[in-house]
Amino acid sequence: MALALVLGAPGLAYAAFTAGTNASLSVGTYTIPAPASVNGTLQCTNDRGQKGASITFTSVSAVDRATGYTATLTPPTGAPSLVPIAAGGKVQVTMYSGSGKGKYTFTVSAQVGSWTGPEFKQTAIC
């Protein structure tokens, strides 16, 4: 009887055990909204006969999770003016373009990391 127990013991040492685990993962999406409003004034200018547009603004409505904003003033011809704005900071921005008669477009969009949301937009025909 003693011999049977000694021979049976090594077989127990080679037993394999497995245990399964399940991890839960929650995945969602976030759509970056456009800023709801901008506190400022977009107006036409006339500097010595040269038509243009300027905008001065002091606030942009907060967008949840925004890491920053970009303000753009696009003239009818020529390159747009871009101003980066820090999230949560104070804003006092004046942008001007004297590119002549035509449509000027002012936009502000929010960034969340490397993604950019849709634009808040205002236009002026000068």
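You'll find the structure just up there.
As the structure is a computational prediction, the values presented were derived from the model and not from experiment.

J.: Even after reading the chapter, I still don't get the sheet that holds strand β2 (residues 50-60), so can you show me in this structure?
T.: Two modes of strand pairing occur in sheets, parallel and antiparallel, and in both the strands are linked by backbone hydrogen bonds. If you walk across this open sheet you meet the three strands as β1-β2-β5, and the pairing is antiparallel. The sheet is open, and its two borders are formed by β1 (38-47) and β5 (93-97), each paired with just one other strand. Across the sheet, the mean angle from the axis of one strand to that of its neighbour is 15°, orientation sign disregarded. Pairing geometry for β2 and β5, over five bridges, is antiparallel. When the sheet's bridge partners are listed, F57 is paired in β5 with V93.

J.: Which parts of the structure should I look at to understand the packing of aromatic side chains?
T.: Going through the model one piece at a time under the given rule, you end up with one aromatic pair. Ring plane angle 55° and centroid distance 5.2 Å describe the contact between F57 and F106, whose orientation is recorded as tilted. Residue F57 is found in strand β2, and its partner F106 is found in strand β6 (residues 103-112); the two are separated by 49 residues along the sequence. For the residue pair F57 and F106, the accessibility class agrees, reading buried in each case. Directly above the aromatic system of Y30 lies the positively charged group of R65, at a separation of 4.4 Å from the ring centroid.

J.: What am I meant to see in the nonpolar core here?
T.: Most often, soluble globular proteins have nonpolar side chains that are buried together. F57, Y69, M95 and F106 are the most contacted members of the largest nonpolar core, which totals 24 residues. The set of elements that each furnish at least two residues to this core consists of β1, β2, β3 (68-74), β5, β6 and β7 (115-125). Among the elements that take part in this core, β6 stands out by supplying five residues, more than any other. With near-sequence residues (within four places) excluded, M95 lies in contact with A53, S54, I55, F57, A71, T72, L73, S81, L82, V83 and F106.

J.: Before we go on, may I ask you to explain unusual backbone geometry in this structure?
T.: Apart from glycine, the bulk of residues carry a negative phi angle, and the bulk of peptide bonds sit in the trans form. One non-glycine residue with positive phi stands out, namely R48, at about 55°. As for its position among the elements, R48 is in the loop between β1 and β2. By relative accessible area, R48 is classed as exposed at 82%.

J.: Explain the sheet that holds strand β4 (residues 81-86) to me, please; I cannot follow it from the model alone.
T.: If you trace the four strands from one edge of the open sheet to the other, you get β4-β3-β6-β7, paired in antiparallel fashion. Two strands lie at the open edges of the sheet, namely β4 and β7, each paired on one side alone. Pairs of neighbouring strands in the sheet enclose a mean axial angle of 15°, with direction left out of account. Bridging between β6 and β7 involves nine bridges; their strand directions are antiparallel. Within β7, the position partnered with Q111 by the bridge is T116.

The rules we used
Residue indices follow the written sequence of each chain, beginning from 1 at its first position. Only residues with pLDDT of at least 70 get local features here, since the model is predicted, and only at 80 or more are side-chain atom pairs given and counted; chain-wide, interface and lining totals rely on the full set of residues. Where side-chain values are given, they derive from all heavy atoms of the structure, hydrogens and water being excluded. At least two DSSP bridges between two strands are needed for those strands to be called paired. Elements are defined by DSSP. Helices are runs of H or I of four residues or more, strands are runs of E of two residues or more, and each kind is numbered from the N terminus. All axes here are fitted lines through C-alpha atoms, helices being fitted over the stretch that makes contact, and every angle between N-to-C directions spans 0 to 180 degrees. For Phe, Tyr and Trp, where Trp contributes only its six-membered ring, two rings pair if their centres lie within 6.5 Å, and the inter-plane angle classes them as stacked under 30 degrees, edge-to-face over 60, or tilted in between. Note on classification: 1.4 Å probe, protein chains only; a residue is buried when its accessible area is under 20% of the maximum for its type, exposed when over 50%, partly exposed between these limits. Whether a charge sits over a ring depends on NZ of Lys or CZ of Arg being within 6 Å of the ring centre and within 35 degrees of the ring normal. Residue types Ala, Val, Leu, Ile, Met, Phe, Trp, Tyr and Cys, when buried and joined through side-chain atoms within 4.5 Å, form a set referred to as a nonpolar core. Here, residues are in contact when the closest pair of their heavy atoms is within 4.5 Å.

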